[in-house]
Structures are given as C-alpha cells and as structure tokens.
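Okay, here's what each chain looks like letter by letter:
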Amino acid sequence: MTEVTGSQGGGAPAGVVRHVVVMGVTATGKTTVGRALADALSGVFVEGDAFHPRANIDKMSAGIPLDDDDRRPWLHALAGEIARLDAAGETSVTACSALRRRYRDWLREGYAGLFFVHLDAPSDVLLERMRRRTHFMPPSLLRSQLDTLEPLEAGERGVVVDDTRPVDEVVAAALAAVRPGEPV
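Read on for a plain summary of the structure.

## What to know about the environment of R72
Within the secondary structure, R72 is located in helix α3 (residues 68-87). Judged by its relative accessible area of 27%, R72 is partly exposed. For the pair R72 and W106, spaced 34 residues apart in sequence, the C-alpha separation works out to 7.7 Å. Setting aside residues up to four positions removed in sequence, R72 forms contacts with W106 and E109.

## Examining empty space enclosed by the protein
Within this structure, the stated rule accounts for 2 cavities of 30 Å³ or more. Lining of the second largest cavity is provided by V25, T28, H118, L119, D120, A121, L126, L146 and L149. When the residues that make up the lining of the second largest cavity are grouped by side-chain class, the tally is 6 nonpolar, 2 polar and 1 charged.

## Concerning the packing of helix α1 (residues 30-40) against helix α7 (residues 167-178)
α7 packs onto α1 with a crossing angle of 55° between their chain directions and a minimal axis gap of 10 Å. By the criterion of interaxial angle, the relationship of α1 to α7 is oblique. By crossing handedness, the relation of α1 to α7 is classed as right-handed. Facing α1, whose interface residues are T32, V33, A36, L37 and A40, α7 presents V167, V170, V171, A174 and L175. The class makeup of the residues in the contact of α1 with α7 is 9 nonpolar, 1 polar and no charged.

## Concerning unusual backbone geometry
Excluding glycine, a negative phi dihedral is what most residues carry, and trans is how most peptide bonds are arranged. One non-glycine residue with positive phi stands out, namely A27, at about 75°. Take A27: its relative accessible area is 5%, and that puts it in the buried class. Positive phi, close to 50°, is recorded for S42, a residue that is not glycine. By secondary structure assignment, the location of S42 is in the loop between α1 and β3 (44-47).

## Let's talk about the pairing of strand β4 (residues 92-95)
A two-sided burial pattern is seen for β4, the buried positions comprising S92 and T94 on one face and V93 and A95 on the other. Across 4 bridges, strand β2 (residues 19-23) lies against β4 in parallel orientation. Pairing of V21 across the sheet is with T94, part of β4. Relative to β4, β3 runs parallel, the two being bridged by 4 bridges. Following the sheet pairing, E47 is matched in β4 by A95.

## Observations concerning the packing of α3 against helix α4 (residues 101-108)
One can describe the packing of α3 onto α4 by two numbers: an axis separation of 8 Å at closest approach and a directional angle of 30°. In terms of orientation, α3 and α4 fall into the roughly parallel class. Where α3 crosses over α4, the handedness of that crossing is right-handed. Contact residues: D68, R71, R72, L75, L78 and A79 in α3; R102, Y103, W106 and L107 in α4. Residues belonging to the contact of α3 with α4 are distributed by class as follows: 6 nonpolar, no polar and 4 charged.

## Brief notes about the side chain of S97
Within the element layout of this structure, S97 appears in the loop between β4 and α4. Sequence-distant contacts of S97, defined by excluding residues within four places in its chain, comprise M23, G24, K30 and W74.

## Details of the environment of P73
Structurally, P73 is set in helix α3. A sequence separation of 21 residues divides P73 from H52, and the C-alpha atoms of the two residues are 8.5 Å apart.

Reading guide: rules and limits
Residues numbered from 1 in each chain as written. Predicted model: local features only at pLDDT ≥ 70, side-chain atom pairs only at ≥ 80, totals over all residues. Heavy atoms only, no water. Helix = DSSP H or I, 4+ residues; strand = E, 2+ residues; numbered from the N terminus. Buried < 20%, exposed > 50% of the residue type's maximum accessible area, 1.4 Å probe, protein only. Contact = heavy atoms within 4.5 Å. 1 Å grid on protein atoms, 1.4 Å probe; cavity = no way out; pocket = protein on both sides within 12 Å on 5 of 7 lines; lining within 4 Å. Points joined across faces, edges and corners; volume = space filled by probe spheres on them. Nonpolar A, V, L, I, M, F, W, Y, C, P; charged D, E, K, R; others polar. Axes fitted to C-alpha atoms, helices over the stretch in contact; angles between N-to-C directions. Parallel < 35°, antiparallel > 145°, perpendicular 65-115°, else oblique. Left-handed = near helix turned anticlockwise from the far one by under 90°. Pairing = 2+ DSSP bridges.

Following this line, the structure appears as structure tokens:
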C-alpha cells in the first residue's frame, strides 16, 4: 500500500473522508471493492459505468478506446452525482477508472476533497480476470487503459492498494487509508 496525500479541500474537517473514488484500469475489481467499502462506511455506492452514455458503451464494446471527448461528459455527470450526494450530507464511494490526472481533476469539480483508492494489479492478473467475466469491456482494451493510466501524483489525496490479495484484505487496506487510526 502506497499513500499519496495532499490538501483536504471540500467541506470536511482535515482527516475526514466523505467521498471516495475507487479507481484503476478495467478488471481491478472497482465495483466489488467499492460496494464493500461503501457498506463499511455506511455510504452510498455509485457505479461509474452506469453513468456512461450508450455511445461510450457501444464504442468500448466494439474494442475502440474512449478519448477525452468521450470521457468528459461521463466524468462531469459523475462529478455532479458526487456533488449531489455531498449536498445531501451523504458519504459516497464511486467506482470509476479515473485513469488520468485530468480526469481526477474533472471529478474533483464535484467535491474538491475526493480521496482516491487506486487498485493496482499486474496485467496478466487483469487479463485472466477479464477472460472470466461478462462485461462490455473486451480484453483487447486493457493495453490502452494501461497506457493511459497516470498514477496518483503528489498533491492528490489517495492510496495505491495491491489488488492481487483477497477482496477482504483489499477492502481492509482501503478502509485503513480512508479511516486512519480507526479499527478495521
């Protein structure tokens, strides 16, 4: 687990995480980990894939990588959902690839103090997972996602979690980063 921290932002006191984005390339288990983390935080789970317009799903299903023009409206919609949940006083966990710093900046438009949990696994592990699941993202797009991925940078609140461990260990590591000093 590697921690990257930066300024708090948002309206929460320092150290308090209200909104989390579980990020990473396809097949890292963002949905599985995100749901479990949201449950542990008594928060709302937001499935980022559900916010993709049909054109994005069709493009990826055809094996065509998304570009920034495709991603911007999708990420803007997710930022709006995070802002809506924040205004309602909710805690949220969003599953979203958030591959580039620019994309994470667009998400922070919804809540400046977002905390990112970057799930990280080797490409061979991810390819095997992709082959075993039914999803609109074909294995052929893994390389483009890995090529696009920009790791969390200094100044970005977040943590990198080894995603090759059992799910409960991955969730425990994420929870320990989100709620440091609290029993897991």
